[in-house]
Amino acid sequence: LGLLTLKPVIYATNVEDADLAAGNDMVDSVKKIASEEGARVVVVSAQVEAEMAELDAEDKTMFLEELGVSDPDATGLNALVKASYELLGLRTYFTTGPTETRAWTIRAGWKAPQAAGVIHQDFERGFIRAETMSYEALVKCGSEKAAKEKGLARSEGKDYVVQDGDCILFRFNV
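These figures come from a predicted structure and were not determined experimentally.

Chemist: Even after reading the chapter, I still don't get the pattern of salt bridges, so can you show me in this structure?
Modeler: Opposite charge on two side chains lets them pair, provided their charged atoms get close. Enumeration according to the criterion identifies eight salt bridges in this entry. For Arg129, the salt bridge goes to Glu131, with nearest N and O atoms at 3.1 Å. Overall, Arg129 belongs to the partly exposed group, its relative accessible area being 31%. A salt bridge links Glu144 to Lys148; the nearest nitrogen and oxygen atoms lie 3.3 Å apart. Taken as a pair, Glu144 and Lys148 lie in helix H8 (residues 144-149) at a separation of four residues, close to a single helical turn. Its relative accessible area of 37% is what places Glu144 among the partly exposed residues. Bridged by salt links that share partners, the residues Arg129, Glu131 and Arg171 form one connected network.

Next up, the structure:
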C-alpha cells in the first residue's frame, strides 16, 4: 500500500513578513506536530517572496536583513526547495560549456555513469571518466582554469558517487 498518509511531509507555514525570522505561536504549534511526526517545517512569507521577486540580489539581502533574517537559505522558497530535495533524496550537479551552464537533478547515491545518463544514454554507455570540481571551489577560484591550477579538480571513475553541487565534464566514447 502506498497510502498518501504514509508519505514524508514538509509543513510550509505562511507568515506575515514581521514573523519571518522568528515565527509565531502558530508556527510553534506546527513545529510541535511536525516534531511528533518526524516532519520538517519551513517558514515562508508569500508576501516577502513576491516583493523579493522584484529585487536584485543585493537588495534582497538588505531586505531580509531588515526583517531579521540572517540566512536567506533558512526561510522562504530557498528553504522549501532545499527541504524538498533532501526529503526526496535528490541532488544537483552542473555542466558548463562556452555558451550554456545547466543544472541536472539526480537521485542521491548515483554514481558518475548514471548521472551522465541523465544528459544522454550515450554518455552512460560510453562513460570513461568524470572531470569534477565542487561548485564552491569553482566560485572561490573564479574560473575552471584557476581551480585546476590549485589542484581542486579531480578525475573520477565509474565508482564515484556524485555529490550535490559537483561541476562535471563527462568524458565518454561511443
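Chemist: How should the layout of surface pockets be read in this particular structure?
Modeler: Empty space among the atoms becomes visible once a probe the size of a water molecule is rolled across them. The volume enclosed by the largest pocket comes to roughly 560 Å³. Asp73, Asn78, Lys82, Thr92 and Asp164 are the residues nearest the centre of the largest pocket, which is lined by 14 residues in total. If you list the elements that add at least two residues to the lining of the largest pocket, you get helix H4 (76-88), strand S3 (90-96) and helix H7 (135-141). For the lining of the largest pocket, the element with the most residues is H4, which contributes five residues. In terms of residue class, the lining of the largest pocket is built from five nonpolar, three polar and six charged. Here the second largest pocket is characterised by a volume of approximately 310 Å³.

Conventions we followed
- Residues numbered from 1 in each chain as written.
- Predicted model: local features only at pLDDT ≥ 70, side-chain atom pairs only at ≥ 80, totals over all residues.
- Heavy atoms only, no water.
- Salt bridge = Lys/Arg side-chain N within 4 Å of Asp/Glu carboxyl O.
- Buried < 20%, exposed > 50% of the residue type's maximum accessible area, 1.4 Å probe, protein only.
- Helix = DSSP H or I, 4+ residues; strand = E, 2+ residues; numbered from the N terminus.
- 1 Å grid on protein atoms, 1.4 Å probe; cavity = no way out; pocket = protein on both sides within 12 Å on 5 of 7 lines; lining within 4 Å.
- Points joined across faces, edges and corners; volume = space filled by probe spheres on them.
- Nonpolar A, V, L, I, M, F, W, Y, C, P; charged D, E, K, R; others polar.

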